[in-house]
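Okay, here's what each chain looks like letter by letter:
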Amino acid sequence: MARPQVSIILPTYNESQNILEMLRSIRESIPHSVSAQAIVVDDNSPDGTGRIVEEHKRGMKQVAGYTIDVIHRRAKAGLGAAILQGIGHARGETIVVMDSDMSHPPHIIPKLLDALRHRCDIAVASRYIRGGRIDGWPARRKIISWGASTIARRVLGITARDPMSGFFAFRRNLVEGVSLDGIGFKVLMEMLVKIRGARITEVPYTFRDRRLGSSKMGGRAIADYCRSVGRLYLHGGAEPRDSVRFLSKAARFYTVGASGFLVNYAISLLFTQMPQFWYLHANLLGIAASITSNFLLNKTWTFQDRDFGARRTLIQYAKFVGFGSAGAAVQLGIVYSMVEGGWSYPVSLAAGVLTAALSNFLLNKKWTFGEKLWGG
Ligand code: GDD
Ligand code: MN
C-alpha cells in the first residue's frame with residue numbers, strides 16, 4: 001500500500017474486551033478520503049489481545065486505504081516504550097496516539113487532524129480546557145492527575161493544560177532526530193519539553209473511564225512519572241537550566257577548594273623534609289602551590305576557560321589571589337564583629353567561613369572568569 005496518511009498507535013495490554021470495538025470505532029471515525037494504518041502494539045497480553053487482532057485481520061475484507069499492523073512484543077515493558085516502538089514502525093505522515101480501552105473517543109481524531117493541518121505541530125486531546133471533562137474517575141485518580149499536570153506545568157514550564165494526556169497527534173517528522181526515552185506513561189510530556197517551540201493546540205474531549213478490563217496505572221507509573229520529571233527538569237529543553245549549571249559550577253569550585261587542602265598539606269610536608277628548608281618557608285610554598293593549582297583547576301575545569309593567553313591568564317591569576325585574600329579579610333571581619341557583638345565563637349566562625357566561601361565563588365565567577373552571577 002502507498003504511504004498511509006495517518007498512523008494510529010494503539011498500545012494494548014489485556015484489552016481483549018476492548019480492542020475490536022476500538023478498531024471498529026476508529027475506522028468509522030476516519031473519513032474515507034483519509035488512508036489509515038492502525039498499529040496495535042501488544043505486550044504479549046495474557047488474555048490473548050494480540051492473537052485476537054491477528055484473527056480479526058485475517059477475517060477482514062481487504063479495502064484500499066485501511067490496514068492493521070500488530071507489533072508483538074515479548075513481555076509487558078511499559079506504555080511509553082510501546083508507544084515509541086509504534087512510532088518507529090509508523091509510515092503515516094501524521095501519527096495519532098491513543099488508549100485502546102475506549103476512554104479516548106475516536107470521533108475526536110478528525111478534530112486533531114484538522115488542528116494539525118491548520119495551526120499547530122502537536123494537537124492534544126484535552127480534559128482540562130473548556131469543554132473537556134472526565135467521566136467516571138474516582139476522586140483519587142482526579143487528584144493524582146491534576147497534581148501531576150500542575151507539577152509538569154510549574155516545574156517543566158509546559159503551557160499545555162493537559163500534558164498528561166495519552167491522546168494526541170503530530171506529524172511524524174516532528175520527532176525525527178529527537179531522542180525520547182519513553183519512561184512510564186508520559187510520552188507527550190517528554191515531547192512537550194524536548195521539542196521547544198512546537199505550536200500546541202488543545203482540543204477538548206470527555207475522557208470516559210473504561211467499562212471493561214482494568215487500568216494499568218499504579219505505583220510503578222507514579223514512580224516512573226517522578227523519575228521522568230526529574231530527568232526532564234535537568235534536561236530543561238535544549239540546554240541545561242541556569243540553576244543546574246550554577247549548582248554544578250559551585251560544586252566543582254568547592255571540590256577544587258578541597259583538593260587545595262591536599263596540595264597545600266602535601267607540598268608543605270614535602271619541603272619540610274629537605275634539610276635546607278625552614279618549615280615556615282615550606283608552608284608558604286604549600287600555600288602558593290595550592291592557590292596556583294586551585295586557580296588552574298577552576299580555570300580549566302570549573303569555568304571551562306581554555307584561553308591561556310599570557311596577559312589574560314596573569315590578570316585572572318591576580319584577581320583570583322586578590323579575591324582569595326579579600327575572602328580571608330571578610331571572614332576575619334565577620335568573626336570579629338560577631339564575637340564582639342556577643343555571638344558565640346562557633347556560630348560566628350561558621351558564618352564567617354560560609355560568607356567567605358560564597359563570596360569567593362561569586363566574585364571569581366563574575367569578575368575573574370567573566371560570567372553572569374546566576375546564568376553563564
Ligand atoms: N503495550 C502496552 N504495554 N500497553 C500498555 C501498557 C504496557 O506496559 N500499559 C498500559 N498499556 C495500554 C493499555 O492497554 C491502554 O490501552 C493504555 O495503555 C492506557 O492504559 P490504562 O491502564 O487504561 O491507563 P489509564 O486509563 O489508567 O490512564 C489514562 O490516563 C492517564 C492520564 O491521567 C491513560 O490515558 C494514560 O495514557 C494517561 O496518561
Ligand atoms: Mn484507561
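Residues numbered from 1 in each chain as written. Chains lettered and ligands numbered in written order. Predicted model: local features only at pLDDT ≥ 70, side-chain atom pairs only at ≥ 80, totals over all residues. Heavy atoms only, no water.

Participant: So what exactly am I meant to see when it comes to the site of ligand 1 here?
Facilitator: Around ligand 1, a shell composed of 27 residues is seen, among which Glu15, Asp99, Lys186, Ser215 and Lys216 lie nearest. Here a nitrogen atom of ligand 1 sits 3.1 Å away from a polar atom, N or O, in the main chain of Val41. A distance of 2.9 Å separates an oxygen atom of ligand 1 from a polar atom in the side chain of Asp101. Protein burial of ligand 1: of its 740 Å² of free accessible surface, 98% is covered by the chains. Partitioning the shell around ligand 1 into residue classes produces ten nonpolar, seven polar and ten charged. (Near = heavy atom within 4 Å. Polar contact = N/O pair within 3.5 Å; in protein donor to acceptor, adjacent residues only side chain to side chain. Areas by Shrake-Rupley, 256 points an atom, 1.4 Å probe, with all protein chains shown as cover. Nonpolar A, V, L, I, M, F, W, Y, C, P; charged D, E, K, R; others polar.)

Participant: Hey, could you run me through the sheet that holds strand 8 (residues 200-204) in this one?
Facilitator: The strands that make up a sheet pair up through hydrogen bonds in the backbone, lying either parallel or antiparallel. In spatial order, the strands read 3-2-1-4-7-5-8; together these seven strands make up an open sheet with mixed pairing. Of all strands in the sheet, those bounded by a partner on one side alone are strand 3 (66-72) and strand 8. The sheet shows a mean angle of 20° between the axes of neighbouring strands, taken without regard to direction. Relative to strand 4 (residues 94-97), strand 1 (residues 6-12) runs parallel, the two being bridged by four bridges. By the bridge assignment for strand 4, Ile8 is matched with Val96. (Pairing = 2+ DSSP bridges. Helix = DSSP H or I, 4+ residues; strand = E, 2+ residues; numbered from the N terminus. Axes fitted to C-alpha atoms, helices over the stretch in contact; angles between N-to-C directions.)

Participant: Help me out: how do you make sense of the environment of Ser248 in this one?
Facilitator: Looking at the element boundaries, Ser248 is found in helix 8 (residues 242-272). Since its relative accessible area comes to 30%, Ser248 is described here as partly exposed. Along the primary structure Ser248 and Thr302 are separated by 54 residues, whereas in three dimensions their C-alpha atoms are 8.5 Å apart. Among the polar contacts listed, one links the side chain of Ser248 to the backbone oxygen of Arg245, at a separation of 3.3 Å. (Buried < 20%, exposed > 50% of the residue type's maximum accessible area, 1.4 Å probe, protein only.)

Participant: Sorry, what's going on with the pattern of salt bridges here?
Facilitator: Two side chains carrying opposite charge are able to pair once their charged atoms lie near each other. Inspection of the entire model under this criterion finds 21 salt bridges. One salt bridge connects Asp101 with Arg210, and the closest N-O pair in it is separated by 3.2 Å. Here Arg210 lies in the loop between strand 9 (206-208) and helix 7 (219-235) and Asp101 lies in the loop between strand 4 and helix 4 (109-118), a separation of 109 residues in the sequence. An identical accessibility class is assigned to Asp101 and Arg210; each is buried. A salt bridge links Arg312 to Asp307; the shortest N-O distance between them is 3.6 Å. A network of salt bridges, in which partner residues are shared, links Glu15, Asp101, Arg210 and Lys216. (Salt bridge = Lys/Arg side-chain N within 4 Å of Asp/Glu carboxyl O.)

Participant: Help me understand the packing of helix 5 (residues 139-156) against helix 7, please; the structure alone is not making it clear to me.
Facilitator: The relative placement of two packed helices comes down to the angle between their axes together with the axis-to-axis distance. It is at 10 Å that the axes of helix 5 and helix 7 come closest, and there the two elements cross at 10°. One way to sum up the angle between helix 5 and helix 7 is to call them roughly parallel. Residues Ile144, Ala148, Ile151, Ala152, Val155 and Leu156 of helix 5 lie in contact with helix 7, whose contacting residues are Ile222, Tyr225, Val229, Leu232 and Tyr233. (Parallel < 35°, antiparallel > 145°, perpendicular 65-115°, else oblique. Contact = heavy atoms within 4.5 Å.)

Participant: Can you walk me through the nonpolar core in this structure?
Facilitator: Of all hydrophobic cores here, the largest spans 36 residues; its most connected members are Ile8, Leu10, Leu23, Val96, Met98 and Phe167. Secondary structure elements with two or more residues in this core: strand 1, helix 1 (19-29), strand 2 (36-42), strand 3, helix 4 and strand 5 (122-126). Of the residues forming this core, the biggest block, five residues, is contributed by helix 4. Residue contacts for Ile8: discarding those within four places in its chain leaves Ile26, Ile30, Ala36, Gln37, Ala38, Ile39, Val96 and Met98. Of all hydrophobic cores here, the second largest spans 35 residues; its members include Ile95, Ala152, Ile158 and Val229. (Core = buried A, V, L, I, M, F, W, Y, C linked by side-chain atoms within 4.5 Å.)

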